[in-house]
Amino acid sequence: MNVFDLFKRRSSAPVARERLQVLLAYERRNRSQPDLVSILREEIMAVIAKHVQIDQDYLQVSMDRGETMSTLEIDIQIPNKSAVPMAIAG
Amino acid sequence: MGKVVVVTSGKGGVGKTTSTAALGAAVAKTGKKVALVDFDVGLRNLDLIMGAERRVVFDLVNVIQGTAKLSQALIRDKRVDTLFLLPASQTRDKDALTEEGVGEVIDKLRSVFDYVFCDSPAGIERGAQLAMRFADEAVIVTNPEVSSVRDSDRIIGLLDARTMRAEQGEQIAKHVLVTRYDAGRAARGEMLSIDDVLEILSVPLLGIIPESQDVLRASNLGAPVTLSEPLNTAAKAYIDAARRLEGEDLPVVVPFERKGFLDRLLGRRAA
């Protein structure tokens, strides 16, 4: 390490460039299709609604995008039967 | 038939209006008939940058609604007599513009002028889409900065999907104009380089406008920088960009900063 490196600020442009490239690759792929997460959310909601009555708020769908892999997180809360009347009462 | 050029960006504050005025004036100075159309209904500013704010009587919305003739609404520039401005309305809302009405006005302008520059409002909503709708070419104004580049990419997507030309299966010619470029910061790796911007957007470069106090001064005075101070570097960069827009094959020189010994030693500006 050169002593003058101590005075150098780490350059931020390469980071900016890389972040943009990853982000735009994703945004361009999805530009033509409607929002995937909201489609999934609606369809999951429809499947659940066939069997259990739940409120929209009990279903959380989120997507975490990675460079090589993305994770889809689905969180569904089904209220217990005994809790339902209370929820309605409340 | 004249050429319709939309000046757009997605992001606000990157220099669309300043660039519309500077490019339009530079083209008009070569003797071409040029119309500048402000599409920013409700937030017009092109009149102010052109120094014509006190001469506005009728506007684009009046013409579309038939309360004024196009010839009544066009304001002739006092410095260059082939340069005209069609201001936006300040009072009405954006819904006052209809696609049909805008199409008719653009057709009329196209038949009279060599160049019609459409100054787009920021955003990707209706106003921005109407500004680009009938364009043959697009100048995408971009600052070398992440949010501006991202929004430019969005706008490029819209240009390729929502313009009349795109819908008819034709190409709309696109050019990137990098504004507020700071050579020193780019050299120190603190700002996206021109190569970065071009590689990410993959659209050819129209020009690089250095960050300059002269541009601000020109706005203060109400004169496009290409008319008020044609010899300074930003104005020269605009004039070159205008020549490229007219099809001239002019190489782009990336502005650079001369470094002193100490700067070189420390790899950054000593101050």
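Predicted, not measured: the structure shown is a model, and the values here were computed from it.

1. Details of the sheet that holds strand β2 (residues 34-38) of chain B
Residues and elements named next belong to chain B.
Reasoning step 1: Pairing in this open sheet of eight strands is mixed, and the strands run β3-β4-β2-β5-β1-β6-β7-β8 from one edge to the other. The sheet terminates laterally at β3 (75-76) and β8 (205-210), the two strands that pair on one side only.
Reasoning step 2: Across four bridges, strand β7 (residues 173-181) lies against β8 in parallel orientation. Residue pairing for β8: Val-176 is matched across the bridge by Leu-205.
Reasoning step 3: Taken strand by strand, helix α1 (residues 16-29) contacts β1 (3-8), β2, β4 (83-86), β5 (115-119), β6 (137-142) and β7, and its axis lies near 170° from that of β5.
Reasoning step 4: Contacts from helix α5 (residues 99-112) reach β1, β2, β4 and β5, with the element oriented near 145° to β5.

2. Considerations on the nonpolar core
All names here are of chain B.
Reasoning step 1: By size, the foremost hydrophobic cluster in this structure holds 54 residues, and its most contacted members are Phe-39, Leu-86, Leu-97 and Leu-109.
Reasoning step 2: Here this core takes five residues from helix α7 (residues 146-162), the largest share from any one element.
Reasoning step 3: Those residues within four positions of Phe-39 in sequence are excluded, and the remaining contacts are Leu-60, Ala-88, Leu-97, Val-102, Ile-106, Cys-118, Asp-119, Ser-120, Pro-121, Leu-130 and Ala-131.
Reasoning step 4: Grouped together as the second largest cluster of nonpolar side chains are 39 residues, Leu-23, Ala-52, Val-139 and Ala-218 included.

3. Details of the UniProt feature "binding site: ATP" (unreviewed entry) in chain B
Residues and elements named next belong to chain B.
Reasoning step 1: The positions UniProt marks with the feature "binding site: ATP" (unreviewed entry) are Lys-11, Gly-12, Gly-13, Val-14, Gly-15, Lys-16, Thr-17 and Thr-18. Lining the largest cavity, from the residues just named, are Thr-18.
Reasoning step 2: Residue position: Gly-13 is located in the loop between β1 and α1.
Reasoning step 3: Accessibility expressed as a relative area gives 61% for Gly-13, which makes it exposed.

4. Notes on the pattern of salt bridges
It is possible for side chains bearing opposite charge to pair when their charged atoms get close.
Residues and elements named next belong to chain B.
Reasoning step 1: Using the criterion set out here, one finds 21 salt bridges over all chains in the structure.
Reasoning step 2: A salt bridge links Arg-165 to Asp-136, with the nearest nitrogen and oxygen atoms 3.1 Å apart. Linking Arg-165 in helix α8 (residues 164-167) with Asp-136 in the loop between α6 (126-133) and β6, this pair joins segments that are 29 residues apart in sequence.
Reasoning step 3: Since its relative accessible area comes to 11%, Asp-136 is described here as buried.
Reasoning step 4: In this structure, the salt-bridge partner of Arg-243 is Glu-248, at a minimum N-O distance of 2.5 Å.
Reasoning step 5: In the salt-bridge network here, residues are joined through shared partners; they are Arg-110, Asp-136, Arg-165 and Glu-170.

Definitions and limits used
- Residues numbered from 1 in each chain as written.
- Chains lettered and ligands numbered in written order.
- Predicted model: local features only at pLDDT ≥ 70, side-chain atom pairs only at ≥ 80, totals over all residues.
- Heavy atoms only, no water.
- Pairing = 2+ DSSP bridges.
- Helix = DSSP H or I, 4+ residues; strand = E, 2+ residues; numbered from the N terminus.
- Contact = heavy atoms within 4.5 Å.
- Axes fitted to C-alpha atoms, helices over the stretch in contact; angles between N-to-C directions.
- Core = buried A, V, L, I, M, F, W, Y, C linked by side-chain atoms within 4.5 Å.
- Buried < 20%, exposed > 50% of the residue type's maximum accessible area, 1.4 Å probe, protein only.
- UniProt positions renumbered as here; feature names shortened; annotations may be inferred.
- 1 Å grid on protein atoms, 1.4 Å probe; cavity = no way out; pocket = protein on both sides within 12 Å on 5 of 7 lines; lining within 4 Å.
- Salt bridge = Lys/Arg side-chain N within 4 Å of Asp/Glu carboxyl O.

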